Structure formats: structure tokens, C-alpha cells
Amino acid sequence: MENPAINDHQIHPLISQRWSPRAFGKLVEKDKLAQLFEAARWSSSCFNDQPWAFIVTTKDDTVNYQKLLDCLVPANVIWAQVAPVLGLVIAQKNFKHNGKPNAWAEYDAGQATATLVLQATALNLVAHQMGGFDAAKAIATFNIPETAKPVAAIAIGYAGETSNLPTELQERETAPRNRHPLSSFVFTGEWGSSAPFV
Ligand SMILES: Cc1cc2nc3c(=O)[nH]c(=O)nc-3n(C[C@H](O)[C@H](O)[C@H](O)COP(=O)(O)O)c2cc1C
């Protein structure tokens, strides 16, 4: 199914069509997977440091897929266990050019992931990001170095049938999506003063 944004102002269809479903279907072609990470690669970053990394596994790689699934919290496992692709989004904490802490590493990793997700939408794929995972377990399981921080997990695939989800998740899946109004977060002059154009 689709669950497009009910937007107040016109936005690009790629943005309104992107959403975070829980129902997943068929496997993703390997060339499309490469396209997703190519999109992430061309994201912008502070000092062009490109501080992101991804640990990715596909459902046919049963051992590594299970290792990643085991890092998710149970509430996410319920639906993510059928996703064709599971991944971890990782931020590399220090700048490559001087080794100093990169305060924008997580910001940039998030931007790269947002870019990846829009590319997924353009390819008729869906993606669902997750904060609900055990970072310590992920670090141990995948030998992630101390200089890198897993910041999110992500499930990717073609959209599946909502009817395959448990009833409670079907209700959440079909509920209207909502957002705060622009006036609550676009300010001018001082914090809390809504910009006149919103
Ligand atoms: C960083 C991040 C963490 C999230 N964590 C979870 C999660 O653990 N479980 C989940 O079901 N959804 C999670 N989500 C999905 C959000 O709930 C979802 O993006 C939000 O409700 C808005 O819905 P939409 O993406 O369909 O517009 C997460 C999204 C982001 C960006």
C-alpha cells in the first residue's frame, strides 16, 4: 500500500510518497542495492569527510541476516524479520584529515541515509529506519571499532501486503500520517516566533 503525506504546501512526489511501512515483499535486485548506496555516497558532509558506513545484509545471506536481526528490539523484529534487506547506519566519530572529533558525524550519517531512502523511493522501494536496536550488541557482533558509532538500523525492500502483518500493526500501518505545523518549528527573530511565510 501507499500512505502519502497530506501536505499543506506542494512538495516533490518523492518526498510525499516516502514513508516507513512495516510490510515487505520480494527480494531487492543487487544492482538496485548498489544504487541506494551510491545515492548515500553523494550526500553532502562536513569537510566532505563522508563519515557514514553501513553494514548491510540480505535475506539470502541467512547467517549475517540473523546476526543483524538479533540486534533489533523485539518490537521491531516482529515486522523487520521479513524485510529483504537489513542494515546498520554507522557514524565514524573522528575527522579523517586530523583525527579530531567530528561533531557532525551523526548529522552527516543521517543525511546520507535520508538520501538513500529517497533513492529507494525513486526505485519503488520502501525503507524503515529504526532507533530500536541494541548498539552494544551490534558493536560486538560486527566488530565495529571504538571510532565508529552505530546510530540506526534500517529495513529495505519492496512494499508487501499489509494483510500479512499482525492485526495491531495493520492498524498502525493504515493510520493517517501526521506532522507538526510549519509554524511550530520555522522561526524568525527569536525562538518560538513563527516565520511570516508559514
Ligand atoms: C532515527 C529513526 C528511528 C526510528 N526508530 C523506529 C523504530 O525503532 N521502530 C519503528 O517502528 N519505527 C521507527 N522509526 C520510524 C518512525 O516512527 C517514522 O519515521 C515516523 O513515525 C514518521 O513516519 P513516516 O516515516 O512514515 O513518515 C524511526 C525513524 C527514524 C528516522
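To be clear, the structure that these remarks concern was listed above.
Conventions used here
- Residues numbered from 1 in each chain as written.
- Predicted model: local features only at pLDDT ≥ 70, side-chain atom pairs only at ≥ 80, totals over all residues.
- Heavy atoms only, no water.
- Core = buried A, V, L, I, M, F, W, Y, C linked by side-chain atoms within 4.5 Å.
- Buried < 20%, exposed > 50% of the residue type's maximum accessible area, 1.4 Å probe, protein only.
- Helix = DSSP H or I, 4+ residues; strand = E, 2+ residues; numbered from the N terminus.
- Contact = heavy atoms within 4.5 Å.
- Salt bridge = Lys/Arg side-chain N within 4 Å of Asp/Glu carboxyl O.
- Polar contact = N/O pair within 3.5 Å; in protein donor to acceptor, adjacent residues only side chain to side chain.
- Phe/Tyr/Trp six-rings, centres within 6.5 Å; stacked < 30°, edge-to-face > 60°.
- Pairing = 2+ DSSP bridges.
- Axes fitted to C-alpha atoms, helices over the stretch in contact; angles between N-to-C directions.
- Parallel < 35°, antiparallel > 145°, perpendicular 65-115°, else oblique.
- Left-handed = near helix turned anticlockwise from the far one by under 90°.
- Nonpolar A, V, L, I, M, F, W, Y, C, P; charged D, E, K, R; others polar.

Core analysis: the biggest nonpolar cluster contains 24 residues, and Leu72, Trp79, Leu86, Leu88, Met130 and Ala155 have the highest contact counts within it. For this core, the secondary-structure elements that each account for two or more residues are helix H3 (62–69), helix H4 (74–80), strand E2 (85–92), strand E3 (126–130) and strand E4 (148–157). Here Leu72 is in contact with Val77, Ala80, Met130, Gly132, Phe133 and Ala153, once residues within four sequence places are set aside.

Turning our attention to the pattern of salt bridges. Within this structure, the stated rule accounts for 6 salt bridges. Across the pair Arg22 and Glu173 runs a salt bridge, and its minimum N-O distance is 3.2 Å. Of the two residues, Arg22 sits in the loop between helix H1 (13–17) and helix H2 (30–41) while Glu173 sits in helix H7 (residues 167–174), which places them 151 residues apart along the sequence. Residues Arg22 and Glu173 agree in their burial class; the two are buried. We note a salt bridge from Glu146 to Lys93, for which the minimum N-O separation is 3.6 Å. Here Lys93 lies in the loop between E2 and helix H5 (105–122) and Glu146 lies in the loop between helix H6 (135–141) and E4, a separation of 53 residues in the sequence. Here Glu146 falls in the exposed class, since its relative accessible area comes to 65%.

Turning next to the side chain of Asn3. Within the secondary structure layout, Asn3 lies in the segment before H1. Polar side-chain contacts of Asn3 include one of 3.3 Å to the backbone oxygen of Glu173. In this structure Asn3 touches Trp19, Glu173, Thr174, Ala175 and Arg177, once residues within four positions along its chain are discounted.

Under the definition given, this model contains 5 aromatic pairs. Note on Phe24 and Trp79: the rings are 6.3 Å apart at their centroids and 15 degrees apart in plane angle, and the pair reads as stacked. Here Phe24, found in the loop between H1 and H2, pairs with Trp79, found in helix H4; they are 55 residues apart in sequence, far enough to count as distant. Judged by its relative accessible area of 8%, Phe24 falls in the buried class.

Let us look at the sheet that holds E4. Strand pairing within a sheet occurs via backbone hydrogen bonds; the two strands may be parallel or antiparallel. A sheet is described by the order of its strands in space; here 4 strands give the open sequence E1-E2-E4-E3, paired in antiparallel fashion. The sheet terminates laterally at strand E1 (52–58) and E3, the two strands that pair on one side only. Within this sheet the neighbouring strands show an average axis-to-axis angle of 25 degrees, counted without direction. Direction of pairing for E2 relative to E4: antiparallel, over a ladder of 8 bridges. Along E4, the bridge assignment pairs Ala91 with Lys149. H2 rests against E1, E2 and E4 of the sheet, and its axis sits at about 165 degrees to E1.

A few words now on the packing of H2 against H5. Packing of H2 against H5 brings their axes to within 7 Å, and their N-to-C directions diverge by 140 degrees. The orientation of H2 with respect to H5, classified from their angle, is oblique. Two packed elements cross with a definite hand, and for H2 against H5 that hand is right-handed. Residue-level inspection shows Gln35, Leu36, Phe37, Ala39 and Ala40 of H2 in contact with H5, the latter providing Ala112, Thr115, Leu116, Gln119 and Ala120. Class assignment for the residues of the contact of H2 with H5 results in 7 nonpolar, 3 polar and no charged.

So, on to the environment of Asp60. Counting through the fold element by element, Asp60 comes out in the loop between E1 and H3. Here Asp60 falls in the exposed class, since its relative accessible area comes to 52%. The spatial distance from the C-alpha of Asp60 to the C-alpha of Asp134 is 23 Å, given a sequence separation of 74 residues. At 3.4 Å, the side chain of Asp60 and the side chain of Lys30 are in polar contact. Within the local environment of Asp60, its side chain forms a polar contact with the side chain of Thr58, the two groups lying 2.5 Å apart.

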